[in-house]
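Residues per chain, in single letters:
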Amino acid sequence: MDNLNKSITIKRLNDLNTLVSLSKRRGFVFQSSEIYGGLGSCWDYGPLGSLMKLNVKKAWWQAMTRRADMVGIDASILMHPMVWKASGHVDGFSDPLVDCKNCKTRFRSDNTDSYLNEKKCPQCGSQNLSEPRQFNLMFKTHMGPVEDGSNAIYLRPETAQGHFVNFQNCQQSSRYKVPFGIAAIGKSFRNEITPGNFIFRTREFEQMEMQYFVKPGTDEKYFEQWKETRMSFYLKYNINPENLRFHPHGPTELAHYAKAAVDVQYKFPMGFSELEGIHNRSDFDLTQHSKFSGKNLEYFDEANKEKYIPYVIETAVGCDRLFLAFMCDAYREEVSKEESGSEDTRIVLGLHPDLAPYKVTVLPLSKKEELTGVSEKLRDQLAEDFDVLYDETASIGKRYRRQDEIGTPFCVTVDFETAKDQAVTIRHRDSMVQERISMTQLNSYVSKKLKNF
Ligand code: GAP
């Protein structure tokens, strides 16, 4: 079944729909509330997707917090309404919205080509359009049982404000000196006018954000350092460097809080688009929170006996968007040609093993008790160290392909020799090479292979 020793052509992903259907078929991502017809732009992570998403978060969290100059935080989604006044989100976090009076489509006017070039509706081409008006992207709700203006509250549109309002709590409790950073992973909400492209732009999403507090004047140096650090993160997890680039923001693109900004862009099937934002936020946020809260948020530098409001370098990436980038980059179709001329296609999700939902799958060669009993025990043995699957249905070839498609780095086959030699066959996802390994050595073998993948 496997393609060893055949000529192989590799096809990469060129259409998001291929990934959407693989995600549904194999249990990565489902449309939210599907049995009710779905809810626009909302997605649920299934059995494989939830595992992989945890792995994506773990990779980011470890890269950020296993440093001597970083602490973590888990702030609440609901914050004091004044936070959003101070941050500028109440007055400035909006997109220009246009209504088509002909087909009733609503769209963002600042990134819609048909509107920017010809003042036409992207849906029906009509020019019978409203003037653009600013639409605030924050979701508003009420705290407590009475709904009136006095208890209006927002779902946070970014996790970053939790870092700023806790700057002093984190600094004083950890006794870290500037420069140091605060990292967090959490849900954010934006009432996007035009969500889309699967999990690329949604209204509910998870962010992984880090604020690095530095002495004013050193900000440009740290901005450059963080650009390099973040790029090397993507390379470590095997994203093809040709699919990554920096996009510096011009003056008209800069967010209201930013002194300088650069996006890390990834080449998604719809083209290069923002994956992560890296911003020099200057002292904007801490100064604003000082003003609005009345609390002095200056940092006292004991060594130099000086006080200042730190500048902030921010790195911000969407977990869902990164998940999508990893999936897009890992997807490949290996098309092999038989001598007879017939073709065979192997779909492989070549994920870095740290990100793959399962590291190993145990496959008994037959459903006979003689093999399944040992296989189930082996599954439990491996599960002490790894996320493991067990699969006894269909032919061995089909089962290998199923695992290739979900990115499992190793398959372990228990066969009729196992009882005699106490060994199993381990098959490698990418090379399809097979080796015979003793069952007692299996955990340490897999562990070593995963570490040096
Ligand atoms: N605190 C800064 C900030 O939130 P941003 O560029 O607006 O900056 C950071 O967002 C990252 O969050 C983006 O690069 C993207 O990965 C992710 N993100 C933003 N809006 C999103 C959405 N509607 N859906 C999915 N991810 C989103």
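What comes next is a walk through the structure. (Residues numbered from 1 in each chain as written. Predicted model: local features only at pLDDT ≥ 70, side-chain atom pairs only at ≥ 80, totals over all residues. Heavy atoms only, no water.)

1. Focus on the overall build of the protein chain
For the record, the criterion: The helix and strand labels rest on DSSP assignments: H or I over at least four residues marks a helix, E over at least two residues marks a strand, and numbering proceeds from the N terminus. Relative accessibility decides the category of a residue: with a 1.4 Å probe and only protein chains considered, values under 20% of the type maximum give buried, values over 50% give exposed, and everything between is partly exposed. When checking whether two residues touch, look at their non-hydrogen atoms; a contact exists if any pair is within 4.5 Å. Accessible areas in this description were obtained via Shrake-Rupley with a 1.4 Å probe; residue shielding takes into account the shown protein chains only. In summary, the charge assignment counts Lys and Arg as positive and Asp and Glu as negative, without counting His or the chain termini. The atom standing in for a charge is NZ when the residue is Lys, CZ when it is Arg, CG when it is Asp and CD when it is Glu.
The secondary structure content of the protein chain amounts to 14 helices and 24 strands. Its C-alpha atoms give the protein chain principal-axis dimensions of roughly 75 × 65 × 45 Å. Considering the protein chain as a whole, with its 453 residues, one finds that 51% of them fall into the buried category. For the protein chain, restricting intrachain contacts to residue pairs at least 6 apart in sequence, the fraction spanning at least 24 positions comes to 64%. Summed over all atoms, the accessible surface of the protein chain reaches about 21,800 Å², with 49% contributed by carbon and sulfur. The average position of the 60 basic charges and that of the 61 acidic charges among the side chains of the protein chain differ by 0 Å.

2. Description of the pattern of salt bridges
For clarity, the threshold we go by: Any carboxyl oxygen of Asp or Glu that lies within 4 Å of a side-chain nitrogen of Lys or Arg is treated as forming a salt bridge with it.
A complete count under the given rule lists 34 salt bridges for this structure. Residues Arg401 and Asp344 are paired through a salt bridge, measuring 3.0 Å at the closest nitrogen-oxygen approach. Placement of the pair is Arg401 in helix 12 (residues 396-405) and Asp344 in strand 19 (residues 343-349), with a sequence separation of 57 residues. Arg401 sits in the buried class, given a relative accessible area of 14%. Across the pair Asp415 and Arg436 runs a salt bridge whose closest N-O atoms are separated by 2.9 Å. Of this pair, Asp415 sits in the loop between strand 22 (410-414) and helix 13 (418-421) while Arg436 sits in strand 24 (residues 434-438), and the two are 21 residues apart along the sequence. Three or more residues joined by partner-sharing salt bridges are found here, namely Arg332, Glu334, Arg346, Asp404, Arg427, Arg429 and Asp430.

3. Considerations on the site of the ligand
To keep things clear, this is the line we draw: Whether a residue is near a molecule or strand depends on its heavy atoms: it is near if one of them lies within 4 Å of it. Pairing of N or O atoms within 3.5 Å defines a polar contact, subject to two protein rules: one partner must be a possible hydrogen donor and the other a possible acceptor, and residues neighboring in sequence count only if both atoms are side-chain atoms. The classification used treats Ala, Val, Leu, Ile, Met, Phe, Trp, Tyr, Cys and Pro as nonpolar, Asp, Glu, Lys and Arg as charged, and all other residues, Gly among them, as polar.
Lining the immediate environment of the ligand, one finds 22 residues, of which Glu158, Thr202, Glu209, Glu274 and Leu275 sit closest. The side chain of Gln207 places a nitrogen or oxygen atom 3.0 Å from an oxygen atom of the ligand. A distance of 2.8 Å separates an oxygen atom of the ligand from a polar backbone atom of Gly318. Taking 560 Å² as the accessible area of the ligand by itself, protein coverage stands at 94%. When residues of the shell around the ligand are traced back to their parent elements, those giving at least two are strand 11 (204-214), strand 14 (271-282) and strand 17 (311-318). Among the residues forming the shell around the ligand, the class breakdown is seven nonpolar, five polar and 10 charged.

4. Remarks on helix 8 (residues 219-236)
Using the following cut-off: In this analysis, the expected span of each helix is defined as 1.5 Å times one less than the number of residues it contains.
Compared with the 26 Å implied by 1.5 Å per residue over 18 residues, the 26 Å span of helix 8 between its first and last C-alpha is a close match. When helix 8 is considered as a whole, its buried residues turn out to be Asp219, Tyr222, Phe223, Trp226, Lys227, Arg230, Met231, Phe233 and Tyr234. Directly after helix 8, the chain includes Asn238, whose backbone phi takes a positive value near 70 degrees.

5. Describing the state of the cysteines
To keep it simple, the criterion reads: Throughout, a disulfide means two cysteine sulfur atoms within 2.5 Å of one another.
Under the criterion given, the structure shown has zero disulfides. With no disulfide of its own, Cys103 has Cys124 as its nearest cysteine by sulfur position, at a separation of 3.7 Å.

6. Here we look at the sheet that holds strand 6 (residues 106-108)
Put simply, the rule is: Strand pairing is assigned whenever DSSP detects at least two bridges linking the two strands. What counts as an axis is a line fitted to C-alpha atoms, over the stretch in contact for a helix, and the angles between N-to-C directions run from 0 to 180 degrees.
Strand order in this open sheet of three strands is 6-5-7, and the pairing throughout is antiparallel. Among the strands making up the open sheet, the edge pair consists of strand 6 and strand 7 (133-136). This sheet shows a mean twist of 50 degrees between the axes of neighbouring strands, independent of strand direction.

7. Structural notes on the environment of Gly72
If you trace the backbone, Gly72 turns up in strand 4 (residues 70-72). The class for Gly72 is partly exposed, based on a relative accessible area of 39%. Ignoring any residue separated from it by four or fewer positions in sequence, one finds Gly72 in contact with Trp61 and Ala183.

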